[in-house]
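What the coordinates show
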Amino acid sequence: MTVVINMREGFDKKKIKIAAKFIREGKLVAFPTETVYGLGADALNEKAVKRIFEAKGRPADNPLIVHIADFNQLYELAKEVPREAEVLAEHFWPGPLTIVLPKRSNVPMVTTGGLDTVAIRMPAHEIALGLIRTSRRPIAAPSANISGKPSPTLAEHVVDDFYGRIECIIDGGEVKIGVESTVLDLTTKPPTLLRPGGLPLEEIEKVIGKVKVHPVVKGKAVDIAKAPGMKYKHYAPNAQVIVIEGSREKVKEKIKELLNDYKRRGVKVGVMATGDFYEADAYINLGNSEEEIARNLFRALRELDKSGVDIILAEGIEERGLGLAVMNRLRKAAGYKIVRT
Ligand code: TXA
Ligand code: MG
């Protein structure tokens, strides 16, 4: 049975106690963060963490992010905390930044997918922080989607994937950012960007200087990746996604041309656009700004999939600010099927 707790009107101390009790008992609780919904369990309870992997169908070597609510917890989880980590935490926490550091022995190997490092973040969301504080546990939480599906930006998405299979879902309404946190490995010099996300790379570099960008961020996944999660197919809808990249005008022309071709062949096509309108079987306008596009991306993928189209044509955007995270998710969703104009 799944208890769905409605907190769309805001944080509620009494209601959070119900969810916190589940966490302390080793149960699974899905909760909103500012990036996407997470599927949480006590990060230090091996059995509870194992259930996260089972519920998601997630490979055991893909490590989880541990969520904290107070700066002290950083030192309880990480063996070494370099100055850079403290500076980043001061600047960006609570917020959409995850840092990877050597782990302490109290963090189970199940949580870190067998690695001797741990990924830590302090989410900027009242409900998430309240859940961590009330349960008095660090909470391991991957995105609350079945492995391979787009991350959830609404409680409805979590209900679709997990209703009846986890103990509790906290509905906090739509998330703010819509793409997952930025993952930065601080065990290398210079630090390595493992996953672009809600905190733009440019912002990080303003504070700590040059960061190395892992090749998987922009290109095809390799299987010797340092973040094991990077080698798996992600954000994959049932329809084939094709990303059209290039200058705005050329992208527009190419999409129209492809739409005509598919129409003639009787193929059903959806378009994910960033401002322009297209005559297609399904059409979603993600918005104009990087922020809007990021917020609407995963929801659009889920909705277009439900509409039953065979192909989804997606307009590429520039890789600056949140655009780097958006393009990383889009290319993955497309299984790297990209048309460059
Ligand atoms: O915004 C987010 O980060 C959301 C919310 C719920 O906080 N969580 C999330 O978790 O996106 P997940 O499990 O979907 O993605 C975690 C990413 C994966 O790419 C994983 O491989 C990487 O973080 N990661 C976790 N621990 C790591 C470690 N010790 N070393 C390298 N990469 C790690
Ligand atoms: Mg995920």
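Here goes a summary of the coordinates provided. Residue indices begin from 1 for each chain and proceed along its sequence in written order. The naming scheme follows written order: chains are lettered A onward, ligands numbered 1 onward. Local features in a predicted model are, by the rule used here, given only for residues with pLDDT of at least 70; side-chain atom pairs are given and counted only at 80 or more, and totals for whole chains, interfaces and linings are based on all residues. The side-chain values count all of the structure's non-hydrogen atoms but skip hydrogen atoms and water molecules.

Thoughts on the packing of helix α1 (residues 13-24) against helix α5 (residues 126-135)
Heads up, the condition is: For helices, the fitted axis covers only the stretch in contact; all axes are lines through C-alpha atoms, and the angles between them, taken along N-to-C directions, range from 0 to 180 degrees. Per the convention used, a helix needs a DSSP run of H or I reaching at least four residues, while a strand needs a run of E reaching at least two, with both numbered from the N terminus. Any angle that is under 35 degrees is reported as roughly parallel, and any over 145 degrees as roughly antiparallel; angles of 65 to 115 degrees are reported as roughly perpendicular and all others as oblique. Crossing handedness is read from the near helix: turned anticlockwise from the far helix by less than a right angle, it gives a left-handed crossing, and turned clockwise, a right-handed one. Contacts are assigned to residue pairs with any non-hydrogen atoms lying within 4.5 Å of each other. Amino acids are sorted into nonpolar (Ala, Val, Leu, Ile, Met, Phe, Trp, Tyr, Cys and Pro), charged (Asp, Glu, Lys and Arg) and polar (every other residue, Gly among them).
Orientation of α1 relative to α5, taken along the N-to-C sense of each, is 55 degrees, at an axis distance of 8 Å. In terms of axis orientation, α1 runs oblique to α5. Taken as a pair, α1 and α5 cross one another with a handedness that is right-handed. Of the residues in α5, those in contact with Ile16, Lys17, Ala19, Ala20, Ile23 and Arg24 of α1 are Ile127, Gly130, Leu131, Thr134 and Ser135. Residues belonging to the contact of α1 with α5 are distributed by class as follows: six nonpolar, three polar and two charged.

Focus on the site of ligand 1
For the record, the criterion: Being near a molecule or strand, for a residue, comes down to having at least one heavy atom within 4 Å of it. As used in this structure description, the phrase polar contact means that two N or O atoms lie within 3.5 Å; if the pair is within protein, one of them must be able to donate a hydrogen and the other to accept it, and residues adjacent in sequence are counted only when both atoms belong to side chains. Surface accessibility in these figures is a Shrake-Rupley result with a 1.4 Å probe; residues are shielded only by whichever protein chains are displayed.
Of all residues adjacent to ligand 1, which total 25 residues, the nearest are Thr35, Arg58, His67, Ser181 and Arg195. Within the contact set of ligand 1, an oxygen atom lies 2.6 Å away from a side-chain nitrogen or oxygen of Thr35. Arg195 places a side-chain nitrogen or oxygen 2.9 Å from an oxygen atom of ligand 1. Taken by itself ligand 1 offers 690 Å² of open surface, and the protein chains cover 97% of this. Those elements giving two or more residues to the shell around ligand 1 turn out to be β4 (65-67), β6 (117-121) and β10 (192-195). Of the residues forming the shell around ligand 1, the biggest block, four residues, is contributed by β6. Along the lines of polarity and charge, the residues of the shell around ligand 1 split into 13 nonpolar, eight polar and four charged.

With respect to the packing of aromatic side chains
Applicable threshold: Put simply, two rings from Phe, Tyr or Trp (the six-membered ring, in Trp's case) pair if the centres are within 6.5 Å, and we call them stacked under 30 degrees between planes, edge-to-face over 60, tilted for the rest. Exposure is judged per residue with a 1.4 Å probe applied to protein chains only, and the accessible area is read against the type maximum: over 50% gives exposed, under 20% gives buried, and values in between give partly exposed.
On inspection of all chains with the given rule, the structure shows two aromatic pairs. Centre to centre, the rings of Phe71 and Trp93 are 6.4 Å apart; their planes meet at 35 degrees, and the pair counts as tilted. Highlighted residues: Phe71 in the loop between β4 and α3 (72-77) and Trp93 in the loop between α4 (83-92) and β5 (97-102), separated in sequence by 22 residues. Classification of Trp93 as buried rests on a relative accessible area of 6%. The interplanar angle of 65 degrees and the centroid separation of 4.7 Å between the aromatic rings of Phe277 and Tyr283 together place this pair among those described as edge-to-face. Overall, Tyr283 belongs to the partly exposed group, its relative accessible area being 25%.

Re the layout of surface pockets
As a reminder of what qualifies: Within this scheme a cavity is a closed region of a 1 Å grid, computed over the protein atoms alone, that accommodates a 1.4 Å probe without allowing it to escape, whereas a pocket is open but has protein on both sides within 12 Å along at least five of seven lines; lining residues each have an atom within 4 Å of a point. Grid points are joined across faces, edges and corners, and a volume is the space filled by probe spheres set on the points.
Roughly 360 Å³ of internal volume is contained in the second largest pocket. If you trace the second largest pocket, you find 18 residues lining it, with Arg248, Thr274, Gly316, Ile317 and Glu318 closest to the centre. Elements with a contribution of two residues or more to the lining of the second largest pocket: α8 (248-264), α9 (290-306) and α10 (323-333). For the lining of the second largest pocket, the class distribution of residues is four nonpolar, six polar and eight charged.

What to know about the side chain of Glu245
If you trace the backbone, Glu245 turns up in strand β12 (residues 240-245). For Glu245, a relative accessible area of 10% corresponds to the buried category. Those residues in contact with Glu245 that sit more than four places away from it in its chain are Val251, Gly316, Met327, Arg331, Ile338, Val339, Arg340 and Thr341.

Description of the pairing of β5
For the record, the criterion: Pairing between strands requires that DSSP locate at least two bridges from one strand to the other.
Burial analysis of β5 places six of its six residues in the buried class, which makes it a mostly covered element. When β5 meets strand β9 (residues 182-185), the two strands line up parallel, connected through four bridges. Among the inter-strand pairings, Leu97 is bridged to a residue of β9, identified as Thr182. Both β5 and β6 contribute to a ladder of four bridges, which runs antiparallel. Along β6, the bridge assignment pairs Leu101 with Val118.

Quick look at empty space enclosed by the protein
Gaps left between atoms show up when a probe the size of a water molecule is rolled over them. Counted according to the given criterion, the structure contains one cavity of 30 Å³ or more. Size it by volume and the largest cavity reaches roughly 30 Å³. Lining the largest cavity are Thr182, Leu193, Pro196, Gly197, Leu199, Pro200, Leu201, Gly321 and Leu324. Broken down by class, the residue content of the lining of the largest cavity amounts to six nonpolar, three polar and no charged.

Topic: the nonpolar core
It is characteristic of soluble globular proteins that their nonpolar side chains tend to be buried jointly. Spelled out, the test is: For the purposes of this section, nonpolar cores are sets of buried Ala, Val, Leu, Ile, Met, Phe, Trp, Tyr and Cys residues that join through side-chain atoms within 4.5 Å.
Membership of the largest hydrophobic core comes to 68 residues, with the highest contact counts inside it found for Leu39, Leu88, Trp93, Leu97, Ile99, Leu131 and Ile170. With sequence-adjacent residues up to four places away left out, Ile170 is seen in contact with Ile5, Met7, Ile16, Ala19, Val29, Ala30, Phe31, Pro32, Tyr37 and Ile127. Within the second largest apolar cluster, 28 residues are counted, among which are Ile293, Phe298, Leu322 and Leu330.

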